[in-house]
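Structural overview for review
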Amino acid sequence: MKNISARALNIQASATLQTDALYKRMKASGADVVGFGAGEPDFDTADDIKEAAIKAIGEGKTKYTPPGGITELRAVIAKRLKTDCGVSYEPSQIVAASGAKHSIYIALQTLIEPGDEVIIPAPYWVTYTEAVKMARGIPVILNAPETGDFKITPKQLENAVTSRTKLFLICNPSNPTGMLYDKNQLQALAQICSKHDLYILSDEIYYRFIYDNKVFTSMASLGEEIKERTILINGVSKAYSMTGWRIGYTASNEEIAKAMENYLSHSTSAPCTISQYAAVQALQNEQDGVVAMRDVFNKRRDYITKRINAMYGVSCRKPDGAFYVMMNIERLIGKTLGNRLIQNSDDFALAFLESELVATVSCTGFGVENYIRLTYAASMETIKKGMDRLERFIGV
Ligand code: PMP
Ligand code: GLU
């Protein structure tokens, strides 16, 4: 038989989803496994959201919708962006898709020509590089070291721009680092994007989970000129604990929105109609559920970072947002843990899973060595158990 495409062969499986599948298989087989792998809130989707979906089914709202979503959903997203982020969009500038991951994919398909360069700070979320490659673009990785709070500097960005650079991709607050660029830092990066006429893909899916009274700034709120060149990515998966409902969205200028909608119309069509009605409810109801979730994540963050930093050989920064922590394991390289010589973070994640049944994600998939990502979107009891096992594993 003839080959499958080089493009498909060039794509790596998602490290986060692979870990999640392994964790769920082990759990289903009865193993006492602790999951710090894929980041999805451990809370149930709220009842009023579920009821909105059931009502939609009862009312026969079970047919195709326009590819970019029902007007009601687009309007409610625009309203939320205005309230939460201080940016004004018309409903026609909002395009809903089957999860924010899909929104990222469609946005890159819409903007990237073969050979275009996309600048991505590392550590990055695992899907970014692969989605760029699927669009036949070239990911250009900028290393953001821990000593600089895992953030790139404007100078780094400026130095990476070439005549082929098309887009700058930023995740704020960041998965996996949890770090937040403040308004001045964003402004400095945005200015460089303006100067070199770059698009900005700004993934703000964790914007509702920010701690210590730090202030979130949306990229598109930095002014009309920046807003024009920005494609905002967001969705309901994280803020409303709706990962399985598959609703994400973009906010962009009309031209990009129209092109994305056309693209959708020949690929997935609209996202699930019933989920769209559920998302309307999530976005329009009182937002106290989101705030309550954030407060719970905050306590877990405090606990997990304190435990990690009290152990020998590992350390972490306290994240500003999202629900991940990057654990530095550099001092454990060369040691034997759980009968395995630890030469890198892949070895660590494997040995920790084999010997202590704790699933984590090695950060090689996020473009950095010697870090392990743990999510604290897990119950306090789970976190405590996982930390006790970590202590035992590294022999503190
Ligand atoms: N962006 C980031 C940074 C994420 O962590 C995730 C989580 N899966 C997504 C986008 C996609 O979310 P979803 O497809 O569930 O909307
Ligand atoms: N975004 C989550 C994570 O990074 C969920 C898994 C995924 O879609 O990659 O773990």
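Okay, so let's go over this structure. (Residues numbered from 1 in each chain as written. Chains lettered and ligands numbered in written order. Predicted model: local features only at pLDDT ≥ 70, side-chain atom pairs only at ≥ 80, totals over all residues. Heavy atoms only, no water.)

1. Some points on the overall build of the protein chain
When you go through the protein chain residue by residue, the secondary structure sums to 14 helices and 15 strands. Computed over C-alpha atoms, the radius of gyration of the protein chain comes to 21 Å, within 12% of the 21 Å expected from 2.2 N^0.38 for 396 residues, which places it in the range of a compact globule. Across its three principal axes, the protein chain shows a C-alpha extent of roughly 60 × 55 × 55 Å. Looking at the protein chain as a whole, 57% of its 396 residues qualify as buried. A separation threshold of at least 6 residues defines the contact pool for the protein chain, and within that pool the share at least 24 residues apart is 73%. For the protein chain, the accessible surface area stands at approximately 16,900 Å², while carbon and sulfur atoms represent 51% of it. For the protein chain, the distance from the average position of its 45 positive side-chain charges to the average position of its 44 negative side-chain charges is 2 Å. (Helix = DSSP H or I, 4+ residues; strand = E, 2+ residues; numbered from the N terminus. Rg over C-alpha atoms; globule rule 2.2 N^0.38 Å. Buried < 20%, exposed > 50% of the residue type's maximum accessible area, 1.4 Å probe, protein only. Contact = heavy atoms within 4.5 Å. Areas by Shrake-Rupley, 256 points an atom, 1.4 Å probe, with all protein chains shown as cover. Lys, Arg positive; Asp, Glu negative; His and termini not counted. Charge placed at Lys NZ, Arg CZ, Asp CG, Glu CD.)

2. As for the pattern of salt bridges
With the rule as written, the count across this model stands at 30 salt bridges. With a closest N to O distance of 3.2 Å, arginine 294 and aspartate 295 form a salt bridge. Judged by relative accessible area, aspartate 295 falls into the partly exposed class, the value being 33%. Among the salt bridges present, the one from aspartate 302 reaches arginine 301, with a minimum N-O distance of 3.4 Å. In the salt-bridge network here, residues are joined through shared partners; they are Asp212, Arg301, Asp302 and Lys318. (Salt bridge = Lys/Arg side-chain N within 4 Å of Asp/Glu carboxyl O.)

3. Comments concerning the environment of cysteine 171
Residue position: cysteine 171 is located in strand β5 (residues 165-171). Expressed as a C-alpha distance, the spacing of cysteine 171 and leucine 201, which sit 30 residues apart in the sequence, is 8.4 Å.

4. With respect to the sheet that holds strand β4 (residues 138-143)
With mixed pairing, the 7 strands of this open sheet are ordered in space as β2-β8-β7-β6-β5-β3-β4. Across the chains shown, the open sheet's two edge strands, defined by having one partner strand only, are β2 (94-97) and β4. Pairs of neighbouring strands in the sheet enclose a mean axial angle of 20°, with direction left out of account. Pairing of β2 with strand β8 (residues 248-251) involves 4 bridges; the strand directions are antiparallel. (Pairing = 2+ DSSP bridges. Axes fitted to C-alpha atoms, helices over the stretch in contact; angles between N-to-C directions.)

5. Here we look at the packing of helix α12 (residues 288-309) against helix α14 (residues 380-394)
Between α12 and α14, whose axes approach to 10 Å, the crossing angle comes to 5°. In terms of orientation, α12 lies roughly parallel with respect to α14. Contacts between α12 and α14 involve Lys299, Arg300, Tyr303, Ile304, Arg307 and Ile308 from the first element and Met380, Ile383, Lys384, Met387, Asp388 and Glu391 from the second. Residue composition of the contact of α12 with α14, grouped by class: 6 nonpolar, no polar and 6 charged. (Parallel < 35°, antiparallel > 145°, perpendicular 65-115°, else oblique. Nonpolar A, V, L, I, M, F, W, Y, C, P; charged D, E, K, R; others polar.)

6. Some words on the site of ligand 1
In the neighbourhood of ligand 1, 13 residues make up the surrounding shell, with Ala100, Asn175, Asp203, Tyr206 and Ser237 lying closest. Asparagine 175 places a polar side-chain atom, nitrogen or oxygen, 2.7 Å from an oxygen atom of ligand 1. Between a nitrogen atom of ligand 1 and a side-chain N or O atom of lysine 238, the distance comes to 3.3 Å. About the coverage of ligand 1: the protein hides 93% of its 390 Å² of free accessible area. When its residues are assigned to classes, the shell around ligand 1 shows 6 nonpolar, 3 polar and 4 charged. (Near = heavy atom within 4 Å. Polar contact = N/O pair within 3.5 Å; in protein donor to acceptor, adjacent residues only side chain to side chain.)

7. Thoughts on the site of ligand 2
Surveying the vicinity of ligand 2 reveals the residues Ser14, Thr16, Leu17, Ala38, Gly39, Lys101, Trp125, Asn175, Tyr206, Lys238, Tyr324 and Arg373. A distance of 3.0 Å is found between an oxygen atom of ligand 2 and a side-chain nitrogen or oxygen belonging to tryptophan 125. The fraction of the free accessible surface of ligand 2 (280 Å²) that becomes covered by protein chains is 89%. Considering only residue class, the shell around ligand 2 consists of 5 nonpolar, 4 polar and 3 charged.

8. Thoughts on the packing of helix α5 (residues 100-111) against helix α10 (residues 254-265)
One way to put it is that α5 packs onto α10 with a least axis distance of 9 Å and a crossing angle of 110°. The angle between α5 and α10 falls in the class roughly perpendicular. Taken together, the residues of α10 that come into contact with α5 (itself represented by His102, Ile106, Ala107, Gln109, Thr110 and Leu111) are Ile256, Ala259, Met260, Tyr263 and Leu264. Per-class residue counts for the contact of α5 with α10 are 8 nonpolar, 3 polar and no charged.

9. With respect to the packing of aromatic side chains
Under the criterion given, the structure shown has 13 aromatic pairs. Each ring, one from phenylalanine 150 and one from tyrosine 371, has its centre 5.6 Å from the other, and the planes form 75°; the classification is edge-to-face. Separated by 221 residues along the polypeptide, phenylalanine 150 in the loop between β4 and α7 (154-160) and tyrosine 371 in strand β15 (residues 371-375) bring together distant segments of the chain. Take phenylalanine 150: its relative accessible area is 7%, and that puts it in the buried class. Taking 5.2 Å as the distance between ring centres and 90° as the angle between the ring planes, the aromatic pair formed by tyrosine 206 and phenylalanine 323 counts as edge-to-face. Here phenylalanine 323 lies in the loop between β9 (315-316) and β10 (324-328) and tyrosine 206 lies in the loop between β6 (199-203) and α9 (224-229), a separation of 117 residues in the sequence. Above the face of the tyrosine 181 ring, lysine 151 is positioned so that its terminal group lies 5.8 Å from the ring centre. Over the ring of tyrosine 89 we find lysine 227, and its NZ or CZ is 4.7 Å from the ring centre. (Phe/Tyr/Trp six-rings, centres within 6.5 Å; stacked < 30°, edge-to-face > 60°. Lys NZ or Arg CZ within 6 Å of the ring centre and 35° of its normal.)

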